[in-house]
Amino acid sequence: MQQAQQIAIIGVPLDMGAGRRGVDMGSSAIRYTRLNQRLGAIGHTVHDMGNIGVPLAETFPKPDPTERLHHLEPIAAVCADLAQQVAGHVAAGRFPLVLGGDHSIALGSVAGATRGRKLGLIWIDAHADFNTAETSPSGNIHGMPLAALTGHGHPALTTVNGFASDSVPLVQPSHVALIGVRDVDPLERVALAASGVHTFSMHDIDRMGIGSVMEQALRIVSRGTDGIHVSFDLDVLDPREAPGVGTPVPGGISYREAHLAMELIAQTDMLGSLDLVEVNPILDERNITAELATTLALSALGKRIL
């Protein structure tokens, strides 16, 4: 078992970064699986900090389809609040476990986790999340956070609304491993290829196996860094395993591949913070996707078969 930790759970019920409603209920669905108690059962001390305050999408005008950045100001403000909270927990020696919400919330969690240190980032996702206002077909910000974290995009996103400097990216592209990607927009593909981010697509997983991919990714993100943040989008799993996600894409990783990935991350003893995002209870079946999110958190935090 991994060394016992003080874990701070932070919910972020934000769905304004997505085109489909419902992921704002994801943090509640994950908590409903007895996440806190199950983390305690493997030796951790859990502090549930409740949810970040998030304004209701209904209080804002419906986005104009011609706008390139939907709900930019409220998303940037929520992420700046989250960054402050995560940074405070890291400074106090706690492990931030952030429950989304759509994937735009990773702007805040990563910004907070990287304050004062050099971070390696594992981004596990069916999508590259490497769009900007200029390349995005939709204008939805949940398709942009990885680009922003590596220095590309609107200043409110790249700096997390003033939390970081605009001249230095929050995470160096050479310290990022993107795993499980299989749905990439045309202009996004060009930007990602030129970015320096290490990408392991589903083709790579099929050809080499998840074990080999994770070993390579972990070498990349741990080289010259002070710790690792993992941002896990549940849509990386095949929709037959995880139907309750915001943007499902056929042909994803399996239940066991996902757990092996998290078990290998746990074995590094470098994991310092974790996001679980894009759980959509409206689309789920008997809360199985939220249950899967909880079991993945347990694997990342030291639970083993034997």
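That block above? That's the structure.
Residues numbered from 1 in each chain as written. Predicted model: local features only at pLDDT ≥ 70, side-chain atom pairs only at ≥ 80, totals over all residues. Heavy atoms only, no water.

A. Spotlight on the overall build of the chain. When its secondary structure is counted, the chain shows eleven helices and eight strands. Rg of the C-alpha trace for the chain: 17 Å, near the compact-globule value of 19 Å for 306 residues, within the 12% margin. Based on the C-alpha atoms only, the size of the chain along its principal axes is roughly 55 × 40 × 40 Å. Of all intrachain contacts in the chain linking residues separated by at least 6 positions in sequence, the fraction that spans at least 24 positions is 76%. When the accessible surface of the chain is summed, it comes to about 12000 Å², and 53% of that surface belongs to carbon and sulfur atoms. Averaging the locations of the 21 positively and 32 negatively charged side chains of the chain gives two centres separated by 6 Å. (Helix = DSSP H or I, 4+ residues; strand = E, 2+ residues; numbered from the N terminus. Rg over C-alpha atoms; globule rule 2.2 N^0.38 Å. Contact = heavy atoms within 4.5 Å. Areas by Shrake-Rupley, 256 points an atom, 1.4 Å probe, with all protein chains shown as cover. Lys, Arg positive; Asp, Glu negative; His and termini not counted. Charge placed at Lys NZ, Arg CZ, Asp CG, Glu CD.)

B. Just the nonpolar core, in detail. Formed by 50 residues in total, the largest nonpolar core has its most connected members in Leu97, Ile122, Phe232, Leu234, Leu237 and Leu276. In contact with leucine 234, other than residues within four places in its own chain, are Ala242, Val245, Leu276, Val277, Val279, Thr289, Leu292, Ala293 and Leu296. Ranked by size, the runner-up nonpolar core spans 49 residues in total, among them Ala76, Val110, Ala113 and Ala148. (Core = buried A, V, L, I, M, F, W, Y, C linked by side-chain atoms within 4.5 Å. Buried < 20%, exposed > 50% of the residue type's maximum accessible area, 1.4 Å probe, protein only.)

C. Structural detail: a nonpolar patch on the surface. A cluster of nonpolar side chains, namely Met25, Ile282 and Leu283, defines an oily patch on the protein surface of about 260 Å² accessible area. Along the chain, isoleucine 282 turns up in the loop between strand S8 (271-277) and helix H11 (288-300). (Patch = residues over 30% accessible without salt bridge, like charges linked within 9 Å, V, L, I, M, F, W, Y side chains within 5 Å. Salt bridge = Lys/Arg side-chain N within 4 Å of Asp/Glu carboxyl O.)

D. Looking closely at the pairing of strand S3 (residues 95-100). Across the six residues of S3, six count as buried, placing the element largely inside the fold. The pairing of strand S1 (residues 6-12) with S3 spans six bridges and is classified as parallel. In the sheet register, glycine 11 faces S3, and the bridge partner there is leucine 99. As judged from the three bridges shared by S3 and S8, these two strands associate in the parallel manner. Bridge pairing links leucine 99 to leucine 276 in S8. (Pairing = 2+ DSSP bridges.)

E. Highlighting the environment of alanine 293. Relative to the assigned elements, alanine 293 resides in helix H11. Of the residues examined, alanine 293 reaches a relative accessible area of 0% and is grouped as buried. In this structure the C-alpha to C-alpha distance between alanine 293 and arginine 31, which are 262 residues apart in sequence, comes to 9.9 Å. Ignoring any residue separated from it by four or fewer positions in sequence, one finds alanine 293 in contact with Ile30, Leu234, Leu276 and Val279.

F. Geometry of the side chain of threonine 132. In this fold, threonine 132 is placed in the loop between strand S4 (119-124) and helix H5 (145-149). Dropping the residues within four chain positions of it, threonine 132 is found in contact with Met144, Ala147, His152 and Gly153.

G. Representation of the sheet that holds S1 within the structure. Overall, parallel pairing links the eight strands, which are arranged S2-S1-S3-S8-S7-S4-S5-S6 in an open sheet. Two strands close off the open sheet at either side, each with one partner strand: strand S2 (45-51) and strand S6 (198-201). Each strand axis lies, on average, 15° off the axis of its neighbour in the sheet, ignoring direction. The sheet contact formed by strand S5 (residues 176-181) and S6 spans four bridges and is parallel. Each residue of the ladder has a partner; that of valine 181, found in S6, is serine 201. Sitting on the sheet, helix H9 (residues 210-222) touches S4, S5, S6 and strand S7 (227-233), and the angle it makes with S5 is about 155°. Against the sheet, H11 contacts S7 and S8, and its axis sits at roughly 170° relative to S8. (Axes fitted to C-alpha atoms, helices over the stretch in contact; angles between N-to-C directions.)

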